[in-house]
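Architecture at a glance
In case you want the letters, here they are:
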Amino acid sequence: MFDDRWLVQKLRSGDFLSKIERMNNSNHTSFMDRRRRAELVFACTLTLLMVTVPIGWEKIFPFNQPSFFIAKVHTYCRYKVLDPLGKPLTAYEFGLGDFYWAQRGYFTEIPDQERGAVRLPTTINIFGQVQTQKAVTQAIRDGLERRPDLEYVTVVQEIKGPVDSKSVGVVETHEWRVMRAPEPSAE
Amino acid sequence: MRSKLCVDVVERLSERRTPQFGQCAVWVMLAAAGYSLWYVSMNYAFVIHHGDNAHIYNFQVPLASPERHRAISFISFLPFSVLHWQPLYWTCVAAFYAAATLWFFRLWCRWTAPIAAFLYTFCLSLFWEHGGAVAEWWNPVATSLIIMAGWQCIYATEIRDALRAGEFWQRPLFPVWVHELNVFSLAWFYFQTGWGKLTTSGLAWVDGTSLQLHVHRFRLDFGEPQNFMHHLILSHRLTASLFSAGVLLLECSAILAVLPLFFPRFRWVRHLIGLGITLFMLGIFLLFGLWAFESLFALALLFLWPFDRWIPRWMQAGS
């Protein structure tokens, strides 16, 4: 016959129960430790990424450094390009596109003005700068090479800035007719 | 004293509370993420056509060259053909909404939470990979979604047991570190914007002309209607200067929102910064329009105002 008195005695003894409790507690404790470790690793890793990525790489979403409206500007230019019949053309076709949001904070001194993933059409229209007639003319002529249907275009440059001590507006307006560059002579 | 401070901070971070605020924060963030992804997807559909166009946010411009210009996200290493494959984008958007819906109803949080957070970040990254610029105001939404997903994933077993026992709202399931990490994420974001202005332009940024020209450029040049704020800013440089100075001070001091973690008696600093950011964002809405800033606004309200105290109280009073 199986004698279960020994088993009952063992079950009732403190040693056996405390051993089961210790096993349960250690499972529970190790679970808590694992969870605590997971929380620590997760929180520390995320904090590290939030702090180091904007400093080290600047532009890795979603940790990129915000750079909107960070530049001080006192002027900018707005361009209208018109065909010989007076119909408006798109300024970016002629290197005058105002892709200001693609310019890092509209900061004028950073040579690499493009801050996105893809390359946009080149532009000389930097927010905060006034382009000279020579630069505008050259940009238009480069654009006209891609538009053989146009003999010339009219470009209107509006320079915007402080008009007095209180407000801003159009400070100057220039209008230029830019002809296609003359063909180089055969000689 | 320093070691006592560290011990106090660790104890505070390890503390757990009932999940009323945490769960409401998850719901708000899912709504914010869902709305911002819908907004982005409308722009994606509108400006991306046959892969020969790029966008600057919601303006369509032709690509100068299909070659990659720079890495802007964690998926930039993928080939151009993959990044610009439109069915991938739409599939991920649909998968996000499916995962987010399941997460919203607290179903299989261990999987739906991290999947939704990953897909949101992935979809926005795909959008920015088409672009000539990155608008950073959804960064905190993505980061907060990752934080909340981490919480629900790590505590998934306890959450599941609590839901089965019908005691979800009574058990201490919401660790304080989740709330503090979200506060840090927001505070750090605003601090970087202010610090960027200071290091790039110095105090000359607050002369008022910059703000006036930005408003002029983004409202008048686009022919948008003007309100009283536009008239105020455009006609009075001193007012523009004062607003600029206030914004710079607010953004540079935003990092102090984490002070209550170290010194609990300075909770009022966090709420004061929250009030300042609320007014700042209302000013942005009035001056520049919405531009889907609402998601960031919702986050700032949620974590910088004392909703972590109000929501449990309201839910208790209601029950």
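Residues numbered from 1 in each chain as written. Chains lettered and ligands numbered in written order. Predicted model: local features only at pLDDT ≥ 70, side-chain atom pairs only at ≥ 80, totals over all residues. Heavy atoms only, no water.

**A few points about the overall build of chain B**
How we decide: Put simply, DSSP H or I for four residues or longer makes a helix, DSSP E for two residues or longer makes a strand, and each gets a number counted from the N terminus. For every residue, the accessible area (1.4 Å probe, protein chains only) is compared with the maximum for its type, and the residue is labelled buried under 20%, exposed over 50%, or partly exposed between those bounds. Throughout, a residue-residue contact means that at least one pair of heavy atoms, one from each residue, lies within 4.5 Å. Here the open area of atoms and residues is found with the Shrake-Rupley method and a 1.4 Å probe, where only the protein chains shown may cover a residue.
A count of helices and strands for chain B gives 15 helices and 5 strands. Evaluated residue by residue, chain B yields a buried proportion of 58% over its 319 residues. Counting contacts in chain B only where the partners sit at least 6 residues apart, residues at least 24 apart contribute 75% of the total. Counting only carbon and sulfur atoms, one obtains 70% of the accessible surface of chain B, whose full area is about 13,400 Å².

**Focus on the domain arrangement of chain B**
For an interface, size is often stated in terms of accessible area lost upon the parts coming together. All names here are of chain B. Using the following cut-off: Domain start and stop points were drawn from an automatic or database domain assignment. Here the buried area means the combined drop in accessible surface, using a 1.4 Å probe, for two parts upon being joined, counting both sides. Definition used for salt bridges: Asp or Glu carboxyl oxygen within 4 Å of a side-chain nitrogen of Lys or Arg.
Partitioning chain B into structural domains gives domain 1 (19–49 + 73–174) and domain 2 (184–319). Taking the mean C-alpha position of each, domain 1 and domain 2 sit 25 Å from one another. Taken together, the contact between domain 1 and domain 2 spans 19 residues of the former and 18 residues of the latter. Ranking the residues of domain 1 by area buried against domain 2 places Phe21, Trp137 and Pro140 at the top, with a combined share of 39%. Taken together, the links from domain 1 to domain 2 amount to 0 salt bridges. The set of elements that each furnish at least two residues to the side of domain 1 that touches domain 2 consists of helix H2 (20–47) and helix H6 (139–154). Among the elements that make up the side of domain 1 that touches domain 2, the one with the highest residue count is H2 (10 residues).

**Looking at the packing of helix H10 (residues 228–235) of chain B against helix H13 (residues 267–288) of chain B**
All names here are of chain B. For the record, the criterion: Lines fitted to the C-alpha atoms define the axes, with helices restricted to the stretch that makes contact. Angles between their N-to-C directions range from 0 to 180 degrees. Orientation labels follow simple angle bins: below 35 degrees gives roughly parallel, above 145 gives roughly antiparallel, 65 to 115 gives roughly perpendicular, and whatever is left gives oblique.
Remark: H10 packs on H13, axes separated minimally by 8 Å, with the N-to-C direction vectors making an angle of 90°. Looking at the two axes, H10 sits roughly perpendicular to H13. Contact residues: H10 offers Phe228, Met229, His230 and Ile233, while H13 offers Gly283, Leu286 and Leu287.

**Thoughts on the pairing of strand E5 (residues 168–179) of chain A**
Residue and element names in this part refer to chain A. Inclusion rule: At least two DSSP bridges between two strands are required for those strands to pair.
Where strand E4 (residues 152–162) and E5 come together, 11 bridges link them in antiparallel fashion. Paired with Gln157 across the strands is His174, a residue of E5. Remark: 5 residues form the turn of the hairpin made by E4 and E5, two consecutive strands paired antiparallel.

**Digging into the pairing of E4 of chain A**
Residue and element names in this part refer to chain A. Across the 11 residues of E4, 10 count as buried, placing the element largely inside the fold. As judged from the 7 bridges shared by strand E1 (residues 76–82) and E4, these two strands associate in the antiparallel manner. By the bridge assignment for E4, Tyr76 is matched with Lys160.

**Comments concerning the environment of Glu11 of chain B**
Residues and elements named next belong to chain B. Summarising the element assignment, Glu11 is placed in helix H1 (residues 2–14). On the basis of relative accessibility, which here comes to 52%, the residue Glu11 falls in the exposed class. Glu11 sits 228 residues away from Thr239 along the chain, and the two C-alpha atoms are 46 Å apart.

**A word on the sheet that holds E4 of chain A**
Taken in spatial order, the 4 strands of this open sheet run E2-E1-E4-E5 (chain A), and their pairing is antiparallel. The sheet is open, and its two edges are formed by strand E2 (88–89) and E5 of chain A, each paired on a single side. Relative to E5 of chain A, helix H9 (residues 209–220) of chain B is tilted by about 55°, and along the sheet it contacts E1, E4 and E5 of chain A.

**Side note on the pattern of salt bridges**
Counted under the stated rule, the structure contains 14 salt bridges over all chains. With a shortest N-O distance of 3.6 Å, Glu39 of chain A and Arg35 of chain A are connected by a salt bridge. Of the two residues, Glu39 of chain A and Arg35 of chain A are both situated in helix H2 (residues 14–56); the distance of 4 residues between them amounts to about one turn of the helix. The same class applies to Glu39 of chain A as to Arg35 of chain A, namely buried. Where Lys4 of chain B meets Asp8 of chain B, a salt bridge forms, and the shortest distance between an N and an O atom there is 3.0 Å. Residue Lys4 of chain B and its partner Asp8 of chain B are located together in helix H1, separated by 4 residues, close to a single helical turn. The exposure class assigned to Asp8 of chain B is partly exposed, which follows from its relative accessible area of 22%. The structure contains a network of salt bridges with shared partners spanning Arg35 and Glu39 of chain A together with Arg16 and Glu158 of chain B.

**Considering helix H5 (residues 109–128) of chain B**
Quick note on the threshold: Helix span, as expected, comes to 1.5 Å for every residue beyond the first.
The terminal C-alpha atoms of H5 of chain B, which comprises 20 residues, lie 28 Å apart, in line with the 28 Å expected from a rise of 1.5 Å per residue. Among the 20 residues that make up H5 of chain B, 15 are buried, leaving the element largely enclosed by the rest of the structure.

**Digging into the side chain of Thr112 of chain B**
As for its position among the elements, Thr112 of chain B is in helix H5. Other than its neighbours up to four places away in sequence, Thr112 of chain B contacts Ala99, Leu102, Trp103 and Leu107 of chain B.

**Some remarks on the packing of aromatic side chains**
Our working rule: We call Phe, Tyr and Trp rings a pair once their centres come within 6.5 Å, taking the six-membered ring for Trp, and we label the pair stacked below 30 degrees between planes, edge-to-face above 60, and tilted otherwise. The criterion for a charge sitting over a ring is simple: Lys NZ or Arg CZ within 6 Å of the ring centre, and within 35 degrees of the ring normal.
In this structure the tally under the stated criterion is 32 aromatic pairs over all chains. Ring geometry for Trp27 of chain B and Trp169 of chain B: centres 6.2 Å apart, planes at 65°, overall edge-to-face. Of the two residues, Trp27 of chain B is situated in helix H2 and Trp169 of chain B in the loop between helix H7 (156–165) and strand E5 (174–175); the sequence distance between them amounts to 142 residues. Look at Trp169 of chain B and you get partly exposed, because its relative accessible area is 26%. Geometrically, the ring pair formed by Trp137 of chain B and Phe293 of chain B is tilted, given 4.5 Å between the ring centres and 55° between the ring planes. With Trp137 of chain B in the loop between H5 and H6 and Phe293 of chain B in the loop between H13 and helix H14 (294–304), this pair connects stretches of sequence that are 156 residues apart. Taking the relative accessible area as the measure of exposure, Phe293 of chain B reaches 10% and is therefore buried. The ring of Tyr155 of chain B has Arg35 of chain A lying over it, and the distance from NZ or CZ to the ring centre is 4.3 Å.

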